Each structure stands twice: as structure tokens, then as C-alpha cells.
Amino acid sequence: MPNSLWRKWLCPLLCSLRDGLALLLPSFLVRRLYGPADFAFLVHPRDLHDVERRYPFFRKLSPQVREWVLRYHWPVVLDKISVRDALGRRTTGYLISISLTADQMLPERIVAKKKILRALKLAEKLGCKIVGLGALTASVTKAGTWLVGRTKLALTTGNAYTVAVACGDIEQLIAQLALVDPLIAVVGCYGNIGEALTKILGRRHRLMLIGRASEMLFAFLDRMKGYLDKETMISTDLDALHEADIVITVTNSPSLKLTAEMLKPGAIVYDLAQPPNADHPSFWQSDRVQHLNGGYIQVPGLEMRFDLGLPKGVVFACLAETILQALERDFRHHVGCVDLLHVALTQRWAWRAGFRPALGLPEKERVIPNACERFAHVRGNDTRMA
Ligand SMILES: NC(=O)c1ccc[n+]([C@@H]2O[C@H](COP(=O)([O-])OP(=O)(O)OC[C@H]3O[C@@H](n4cnc5c(N)ncnc54)[C@H](OP(=O)(O)O)[C@@H]3O)[C@@H](O)[C@H]2O)c1
């Protein structure tokens, strides 16, 4: 049998059948079949292209059959992940995917929740103790709170470490680019991550808070009063981004796509959203603005074959936090509003485990000084920047 036929067609199909069967088999048999694991991390395809990469035959199906398959397919195990950290501690887990694309997740919340519960069932059968809610699986379950009491597993959004890393990256950028009193925009400010970023960054920097609904924005501003020590603006209009020096995108909208032209010349966009909000081709062709992917973590001793579309050894911060919890044997829930004490704790865990933000990696460090030179001409005489 030709190798490509096995790799592209039969293997994914048989694995998917095996995972469907695992949901029906008793736990002890499933654990025997798959091997031991501490954690699982839930994901979903960003779009149909992601589904086709895993199942090449999917593109041959008619639109009606595709729709039917995505709606009724059970959760599948994409890969086994193992990590040996800087202290020599080991943990293993599974990457589990539900079959809804990002575009389907928010409008089809009820279907999405049912699929997430089935994925948790699979994780339970696999013997996992904790599950990380990746991409939009946290958004549709009210930051995981809707799932508490519906599963025996500990749950984490992974948003605490994501916030820690984003704040660290932003401070590093400000220092390296010697920005003076920068205006930082948070797009998606009253979401789970946006709120925690506002609380931490609002103490030290001028903020522009961007949200969709003005009444939500006013209520949010009221709630944040004790955290905002500097001038703060609010807006529902993305045109306001023209004034910001740094733009953090952290929405749950797969359709929101910023372009380089929407930003101030010389601005930096730090894109935390998954699917991304700032992956428009204009960012790659433009010399006007600097684009950075947020929440990337280099994990030591990482073994994972599945391609998340990230550099080798790098994972998203929410997956990194799930791995850290497994390494620390912390099998408690970390869902709902992000606890700022837990943000600091995850940072300490990460440091001793040897996990490092990928923005600080040697190859990425070169990007930042280059950006200083590359964007000096577009910043011109702006006195707020050195
Ligand atoms: N890179 C990483 O490591 C990492 C880790 C964790 C999460 N994430 C990603 O981070 C993002 C946010 O996660 P979350 O848990 O904070 O989600 P969330 O709690 O659901 O918040 C998302 C916020 O985005 C807002 N929003 C949606 N469309 C918008 C628009 N067009 N303009 C302005 N705001 C808009 C929503 O406002 P409404 O309520 O008004 O709709 C909501 O407040 C997601 O994309 C997630 O996948 C990334």
C-alpha cells in the first residue's frame, strides 16, 4: 500500500473510528489501549482548511455531507503530548479536538457545549485529571464555569498564564523600543483575558478600551475604576485605533480582521486571539506597523507531532498553563474571572519549569531591535516615542 494512502487517508480514518469506539468502551480498557495521561487540552479547527489538513478526503465531500459530518462527529484525539521540564519532571496528555470550526462555535453554542461535554467524557476515559479549554471552548462555556459540576475533571481556561505572558511581553516591548508613555489599546477589553489585562496594564499605562457594546463598555469602566491609575479612553469604533501605539487584540470573533491601514504608522499589534484578529496579509507586506503573535511559549522537552502552526517546541500559553498544572499536580479548577494571584503563581511555576515566552527567544529578540530601525522613519517626530 502506498505510504501516502496510509498516512493521508486510512490512518486518520482508523484513528477517528478508534476514538469513537473509546467513548463506548469501559475506562480500564481505554487506558490500556491509549496509555496513561495526566491532562487533556481541548481545541477545535479554526476553519475548514484545518479539517482538510487532517482529513484530506474531507474536501472531496459535498457541502451538505461536510456540514453533517462536522455537526455529528465525535471528539477525536489528535496527538499525545509529553513534556520533561527543566526540573526533570514528566507529564503526558492528549490533544483532543471537537468538530466545530471557529465560525460555528459562537452561533451554535448549544451544539458546541454538547460536543465539549463529550470531549470531557473522552478525557475522563483516558484517565486525565485536568483539562485545558483551548481557543473558543472557554468562550462558549462562560470561561469554563458552565462545565463545573458537569464533569469530574479539573478544568482550566489557561488564561492566567496567557495574561502573565502578554503583560510581560508588552513591558519588554516598551522597554526595548524605549516607548515613552505609550497608549495601549485592548480590543475585546471586557472579555475574560481583556479584563485581566486591563487590571494589570491600567496601573502603569494609558489605555484605550475597545468593545462592541457601549453599555457594556460603560459598565466595565465603572467596574475597573480602582485599577485605572492613568488616563483611559473607551470606544466602540475601531477607527480610534489610529491613536494607539500598541494594539492588543483579544476578541473571540473569527471575522474581526484588522488591517495595517487601520493602525497608526509605527504602531505594534500584539495578536492574542485564536483565530487571530491581525493575520491580514497587509501586516506582512506593510512597513507601517510591526505585527507580533502573542502568547507563544517555548516548552522544554516537548514531544508533540501535531502541527499547531507554531515554531518547533512552542505552544500557546493556555496549553502551557495546562501542562504546568499537571507538572505541579494542581488538580483544582481555574475557571471564571482570572485571579491575579494565580497569574503571578503561574509565572513562578513557568520560570522554575524552564518555560519561556517565545518573544524573548534569541531569534525573536532580533525582531525587536530590527523593528526599531525599520519603523524609525514612519514614527517621524512623534515625541511620545524615543
Ligand atoms: N494565544 C493564547 O495563548 C491564547 C490563550 C487563551 C485564549 N486565547 C484567545 O484569546 C481570545 C479571547 O479569549 P477570552 O477567553 O478572553 O474570550 P471571551 O471571554 O469570550 O472574550 C472575548 C471578548 O471579545 C469581544 N468581541 C467580540 N467581537 C468583538 C469585536 N468585533 N470588537 C470588539 N470586541 C469584540 C466580546 O465582546 P461581546 O461580549 O460584546 O461579544 C468578548 O468580550 C480568544 O480568541 C481565545 O482563543 C489565546
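Thresholds, definitions, all that
- Here the residue index of a chain counts from 1 through its sequence in written order.
- Where totals are concerned, whole chains, interfaces and linings use all residues; where local detail is concerned, this predicted model gives features only for residues with pLDDT of at least 70, and gives and counts side-chain atom pairs only at 80 or more.
- Put simply, DSSP marks the helices as runs of H or I at least four residues long and the strands as runs of E at least two long, and each gets a number from the N terminus on.
- Here the globule rule reads 2.2 Å times residues to the power 0.38, and the radius of gyration is calculated from C-alpha atoms.
- Each residue is classed by its C-beta neighbour count within 10 Å, where at least 20 other C-beta atoms makes it buried, 12 or fewer makes it exposed, and intermediate counts make it partly exposed; the C-beta atoms are placed from backbone geometry.
- A residue pair is marked as a contact if its C-beta atoms, positioned from the backbone, fall within 7 Å.
- Strands qualify as paired when DSSP identifies two bridges or more between them.
- Lines fitted to C-alpha atoms define the axes here, with helix axes fitted over just the stretch in contact, and angles between the N-to-C directions of these axes take values from 0 to 180 degrees.
- By definition, a residue lies near a molecule or strand when the C-beta atom built from its backbone is within 6 Å of it.
- Nonpolar residues are Ala, Val, Leu, Ile, Met, Phe, Trp, Tyr, Cys and Pro. Charged residues are Asp, Glu, Lys and Arg, and all others, Gly as well, are polar.
- Each domain's extent is set by a domain assignment, obtained either automatically or from a database.
- To sort the angles, those under 35 degrees are grouped as roughly parallel, those over 145 as roughly antiparallel, those from 65 to 115 as roughly perpendicular, and the leftovers as oblique.
- Each crossing gets its handedness from the near helix: less than a right angle anticlockwise from the far helix is left-handed, clockwise is right-handed.
- Defined on buried residues, the nonpolar core groups Ala, Val, Leu, Ile, Met, Phe, Trp, Tyr and Cys residues joined through C-beta atoms within 7 Å.
- Each residue carries a pLDDT score, the predictor's own confidence in it, on a scale running from 0 to 100.

Glancing now at the overall build of the chain. A tally of regular secondary structure across the chain gives 14 helices and 15 strands. Whereas a compact globule of 386 residues would reach a radius of gyration of roughly 21 Å, the chain reaches 21 Å, a difference of no more than 12%. Taken over the C-alpha atoms alone, the chain extends approximately 65 × 45 × 45 Å along its principal axes. Split into buried and exposed, the 386 residues of the chain put 45% on the buried side. In the chain, 71% of the contacts between residues at least 6 apart in sequence involve partners at least 24 apart.

A few words now on the sheet that holds strand β9 (residues 246-249). Across the sheet, which stays open at both edges, the 6 strands sit in the order β8-β7-β6-β9-β10-β11 with parallel pairing between neighbours. Edge positions in the open sheet fall to β8 (232-235) and β11 (290-293), since each of these has one partner strand only. Pairs of neighbouring strands in the sheet enclose a mean axial angle of 20 degrees, with direction left out of account. For strand β7 (residues 206-210) and β8, the ladder comprises 4 bridges, and the chain directions are parallel. Note that in β8 the partner of L209 across the bridge is I234.

Here we take up the site of the ligand. The environment of the ligand is made up of 33 residues, and the closest members are S139, G188, G191, S253 and G295. Of the residues forming the shell around the ligand, the biggest block, 3 residues, is contributed by helix α8 (residues 192-201). Looking at the shell around the ligand residue by residue, the classes come out as 17 nonpolar, 15 polar and 1 charged. Taken domain by domain, the shell around the ligand gets at least three of its residues from each of domain 1 (3-159 + 298-350) and domain 2 (161-296 + 358-379).

Now for the packing of helix α7 (residues 159-176) against helix α11 (residues 317-327). Interaxial distance between α7 and α11 falls to 7 Å at its minimum, and their mutual angle equals 120 degrees. On the basis of the axis angle, α7 is oblique to α11. In terms of crossing hand, the pair formed by α7 and α11 is right-handed. Residue-level contacts link N159, A160, Y161, T162 and V165 of α7 to A317, C318, A320, E321 and L324 of α11. Counted by class, the contact of α7 with α11 contains 7 nonpolar, 2 polar and 1 charged residues.

Our next topic: the domain arrangement of the chain. Along its sequence, the chain is organised into domain 1 (3-159 + 298-350) and domain 2 (161-296 + 358-379). Taking the mean C-alpha position of each, domain 1 and domain 2 sit 28 Å from one another. Across the contact, 28 residues belong to domain 1 and 18 residues belong to domain 2. Listing elements by their share of the side of domain 1 that touches domain 2, those giving two or more residues are α5 (102-105), β14 (314-316), α11 and α12 (340-353). Looking at the side of domain 1 that touches domain 2 residue by residue, the classes come out as 18 nonpolar, 7 polar and 3 charged.

Turning our attention to the sheet that holds strand β15 (residues 356-357). One open sheet holds the 3 strands; their spatial order is β14-β12-β15, and the pairing between them is antiparallel. One side of each edge strand has no neighbouring strand; the edge strands of this open sheet are β14 and β15. Pairing of strand β12 (residues 296-298) with β15, which is carried by 2 bridges, proceeds in the antiparallel orientation. When the bridges of β15 are listed, I297 appears paired with P357. The strands that α11 touches are β12 and β14; relative to β14, the one it contacts most, it runs at about 95 degrees.

Let us look at the nonpolar core. Counting residues in each nonpolar core, the largest one holds 109 residues, and the members touching the most others are A40, V186, I248 and A320. Of the domains in this structure, domain 1 (3-159 + 298-350) and domain 2 (161-296 + 358-379) are the two that each give at least three residues to this core. If we skip the residues at most four places from it in the chain, A320 touches Y161, I297, V299, V315, A350 and F355.

When pLDDT is averaged along the chain, the result is 90; 91% of the residues meet or exceed 70. Scored below 50 in pLDDT, residues 360-386 shows 32 contacts in the model against residues more than four places distant or in partner chains.

Among the secondary structure elements, V76 is positioned in strand β2 (residues 76-84). Each C-alpha atom of the pair V76 and L95 lies 8.5 Å from the other, and the pair is 19 residues apart in sequence. Residues contacting V76, with those up to four places away along its chain left out, are C15, S16, D19 and S97.

Moving on, we come to the environment of R32. For R32, the location among the structural elements is in helix α2 (residues 27-34). We classify R32 as exposed; it has 12 C-beta atoms within 10 Å.

Now for the pairing of β2. Where β2 and strand β3 (residues 90-97) come together, 8 bridges link them in antiparallel fashion. Bridge pairing links R84 to R90 in β3. Hairpin remark: β2 followed by β3, antiparallel, with 5 residues in the connecting loop; positive phi at G88, about 85 degrees. Note: β2 against strand β13 (residues 302-303), 2 bridges, orientation antiparallel. Paired with V83 across the two strands is L302, which belongs to β13.

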